[in-house]
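Residues per chain are reported as follows:
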Amino acid sequence: MIDSMADHPVRIRTLGRVDYAETWHAMQAFTLDRDASSIDEIWLVEHDPVFTQGQAGKAEHLLNPGDIEVVKVDRGGQVTYHGPGQLVAYVLLDMSRIGSDVRKLVSALELSIVNILALYGIVAAAKPHAPGVYAAERKICSLGLRIKKGRSFHGLALNVDMDLAPFLRINPCGYSGLEMTHMAHYTESPDLTLIGRQWVAAFCDLLAMRPVWI
């Protein structure tokens, strides 16, 4: 738990299944338009099938995108896939409220996922030099952030119950042969909405934020 601005509010928006590019541009606009008095927000979404290529992303990791759109974006990281059945959480935070510590934010994102997976009997862990969360060496949650003017956007993508086949069309996160998995491999019929609420509670607790659902 942090001491600075403890228990500050964060608005939680559940946006449903939305277009990736439109949501990305909305995040950019929110980040650029906000000021020191703006309340932080977290957006919970699903996306239509899309590959996203981060700032460090290399074209050679897009093996066979086929009919799935590729969007080049301003987050960190390499190439990943978003699709239905994946919980995507965008964290739109004023970094000064968590001590302007990017490592703290990354750690809270990873640990909150590890803690939620543990509720379902899934043993998972983060890796020091490969951001995200892994279950038995298979990646179950990807992470990518951008910090602009002291504010974060983008976030994480937790594979809940989805078609994993599109990951075979890329080198996920730039790693050839990296296997992906999802919660449905370990637990029957995981509820994406419930898991979203559980994750918000776990993440906000780690950073002493008070979620306000709207």
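Up top is the structure these notes are about.
Here goes a summary of the coordinates provided.

What counts, and at which threshold
- Residues numbered from 1 in each chain as written.
- Predicted model: local features only at pLDDT ≥ 70, side-chain atom pairs only at ≥ 80, totals over all residues.
- Heavy atoms only, no water.
- Pairing = 2+ DSSP bridges.
- Helix = DSSP H or I, 4+ residues; strand = E, 2+ residues; numbered from the N terminus.
- Axes fitted to C-alpha atoms, helices over the stretch in contact; angles between N-to-C directions.
- Contact = heavy atoms within 4.5 Å.
- Parallel < 35°, antiparallel > 145°, perpendicular 65-115°, else oblique.
- Left-handed = near helix turned anticlockwise from the far one by under 90°.
- Nonpolar A, V, L, I, M, F, W, Y, C, P; charged D, E, K, R; others polar.
- Salt bridge = Lys/Arg side-chain N within 4 Å of Asp/Glu carboxyl O.
- Buried < 20%, exposed > 50% of the residue type's maximum accessible area, 1.4 Å probe, protein only.
- Phe/Tyr/Trp six-rings, centres within 6.5 Å; stacked < 30°, edge-to-face > 60°.
- Lys NZ or Arg CZ within 6 Å of the ring centre and 35° of its normal.

1. Here we look at the sheet that holds strand β5 (residues 79-82)
Two pairing modes exist for strands in a sheet, parallel and antiparallel, and in both the strands are linked by backbone hydrogen bonds. The strand order β4-β3-β5 describes an open sheet built from three strands, whose pairing is mixed. Either end of the sheet is taken by a strand with one partner, and the two such strands are β4 (70-72) and β5. Averaged over all neighbouring strand pairs, the angle between strand axes comes to 25°, with direction disregarded. Of the pairings in the sheet, the one linking strand β3 (residues 50-53) to β4 comprises three bridges and is parallel in character. Paired with Gln53 across the two strands is Lys72, which belongs to β4. Most of the contacts of helix α1 (residues 20-33) go to β4, to which it runs at about 15°, and overall it touches β3, β4 and β5.

2. Focus: the packing of helix α2 (residues 102-119) against helix α3 (residues 192-206)
It is the contact of α2 with α3, at a shortest axis distance of 9 Å, that shows an interaxial angle of 135°. Judged by the inter-axis angle, α2 sits oblique to α3. Both α2 and α3 take part in a crossing whose hand is right-handed. Contacts from Leu105, Ala108, Leu109, Leu111, Ser112, Ile113, Ile116 and Leu119 in α2 reach Ile195, Gln198, Trp199, Ala202, Phe203 and Leu206 in α3. Residues that form the contact of α2 with α3 fall into these classes: twelve nonpolar, two polar and no charged.

3. Remarks on the pattern of salt bridges
Taken as a whole, this structure holds twelve salt bridges when the rule is applied. Of the charged contacts in the structure, one is a salt bridge between Arg146 and Asp74, with a shortest N-O distance of 3.5 Å. Separated by 72 residues along the polypeptide, Arg146 in strand β9 (residues 138-148) and Asp74 in the loop between β4 and β5 bring together distant segments of the chain. Residue classification places Asp74 among the buried positions, given a relative accessible area of 10%. Ionic pairing is found between Arg138 and Glu179, a salt bridge with its closest N-O pair at 3.2 Å. Within this pair, whereas Arg138 is found in strand β9, its partner Glu179 is found in the loop between β10 (151-159) and α3, the two being separated by 41 residues in sequence. On the accessibility criterion, Glu179 (44% relative accessible area) is partly exposed.

4. Describing the packing of aromatic side chains
Here the structure, examined in full by the defined rule, presents four aromatic pairs. Ring geometry for Phe30 against Trp43: centres 6.2 Å apart, planes inclined by 65°, an arrangement best described as edge-to-face. Taken together, the residues span a long stretch of sequence, with Phe30 in helix α1 and Trp43 in strand β2 (residues 40-47) at a distance of 13 residues. With a relative accessible area of 18%, Phe30 lands in the buried category. Owing to a relative accessible area of 7%, Trp43 belongs among the buried residues under this scheme. Taken together, a centroid distance of 4.9 Å and an interplanar angle of 15° make the contact between Trp199 and Phe203 stacked. Placement of the pair is Trp199 and Phe203 together in helix α3, with a separation of four residues, close to one helical turn. Above the plane of the ring of Tyr134 lies Lys127, whose end atom (NZ or CZ) is 4.5 Å from the centre.

Scope: geometric values only; no functional claims are made or implied.
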